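Listed below, chain by chain, are the residues.
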Amino acid sequence: MKYSINLFGYSVDCELKLVGESLSIEITEENQKALKQYLVRVLPKYGREATSESSFQTLLELAIDAEKTLDGRMVEPKLKLPYEFQPEIKEKLIEAAALQDVSATQLLIRIIEKKYQEVMG
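Comments concerning unusual backbone geometry
Positive phi, close to 60 degrees, is recorded for Phe 8, a residue that is not glycine. The residue Phe 8 is located in the loop between strand S1 (2-7) and strand S2 (10-19) in this model. According to the relative accessible area criterion, Phe 8 is buried, its value standing at 8%.

What to know about the packing of aromatic side chains
One pass over the structure, following the stated rule, counts one aromatic pair. It is Arg 110 that lies over the ring of Tyr 10; its NZ or CZ is 5.5 Å from the centre.

Things to note about the packing of helix H3 (residues 87-99) against helix H4 (residues 104-120)
Two elements in contact, H3 and H4, have axes separated by 8 Å at closest approach and are oriented at 90 degrees. Overall, the two elements H3 and H4 adopt an arrangement that is roughly perpendicular. Along the contact surface, H3 presents Leu 93, Ile 94, Ala 96 and Ala 97, while H4 presents Ala 104, Leu 107 and Leu 108. Across the contact of H3 with H4, the residue classes break down as seven nonpolar, no polar and no charged.

Focus: H3
With 13 residues, H3 extends 18 Å between its outermost C-alpha atoms, agreeing within 8% with the 18 Å of an ideal straight helix rising 1.5 Å per residue. Count one or two residues on from H3 and you reach Asp 101, which has phi positive near 60 degrees.

Things to note about the sheet that holds strand S3 (residues 22-26)
The strand order S1-S2-S3 describes an open sheet built from three strands, whose pairing is antiparallel. The open sheet has two free edges, formed respectively by S1 and S3, since each of these has just one partner strand. Ignoring which end each strand starts from, the neighbouring axes of this sheet average 45 degrees apart. For S2 and S3, the ladder comprises five bridges, and the chain directions are antiparallel. By the bridge assignment, Glu 15 is partnered in S3 with Glu 26. Lying over the sheet, helix H1 (residues 29-42) contacts S1 and S2, oriented at roughly 140 degrees with respect to S2.

Definitions and cut-offs
- Residues numbered from 1 in each chain as written.
- Predicted model: local features only at pLDDT ≥ 70, side-chain atom pairs only at ≥ 80, totals over all residues.
- Heavy atoms only, no water.
- Helix = DSSP H or I, 4+ residues; strand = E, 2+ residues; numbered from the N terminus.
- Buried < 20%, exposed > 50% of the residue type's maximum accessible area, 1.4 Å probe, protein only.
- Phe/Tyr/Trp six-rings, centres within 6.5 Å; stacked < 30°, edge-to-face > 60°.
- Lys NZ or Arg CZ within 6 Å of the ring centre and 35° of its normal.
- Axes fitted to C-alpha atoms, helices over the stretch in contact; angles between N-to-C directions.
- Parallel < 35°, antiparallel > 145°, perpendicular 65-115°, else oblique.
- Contact = heavy atoms within 4.5 Å.
- Nonpolar A, V, L, I, M, F, W, Y, C, P; charged D, E, K, R; others polar.
- Expected span 1.5 Å × (residues − 1).
- Pairing = 2+ DSSP bridges.

Below, the structure written as structure tokens:
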């Protein structure tokens, strides 16, 4: 079953697998890379040392520790993008973001990250 979960303030598409009474969650490699980039970008805001060279496990441990310390959830940094969009493009972006239950900025960041992953491999 496809499902979207919120990990550390980042919405990740995953696959829920149920075998008997055992539930597992699978996240594609592409989505794991996007989550890693998000954590590298967000963790310093919460006083954690994170670089693109940090292992995924280390980043996850830092994120869990940050959320335990916060007594809440981490959130994606809010960005004011220096772009002006044509009104019809902006409407489509807002509509697509609403369908995915994220902000237009978050959706735009996701799109850019996915394209970056495609280009950089």
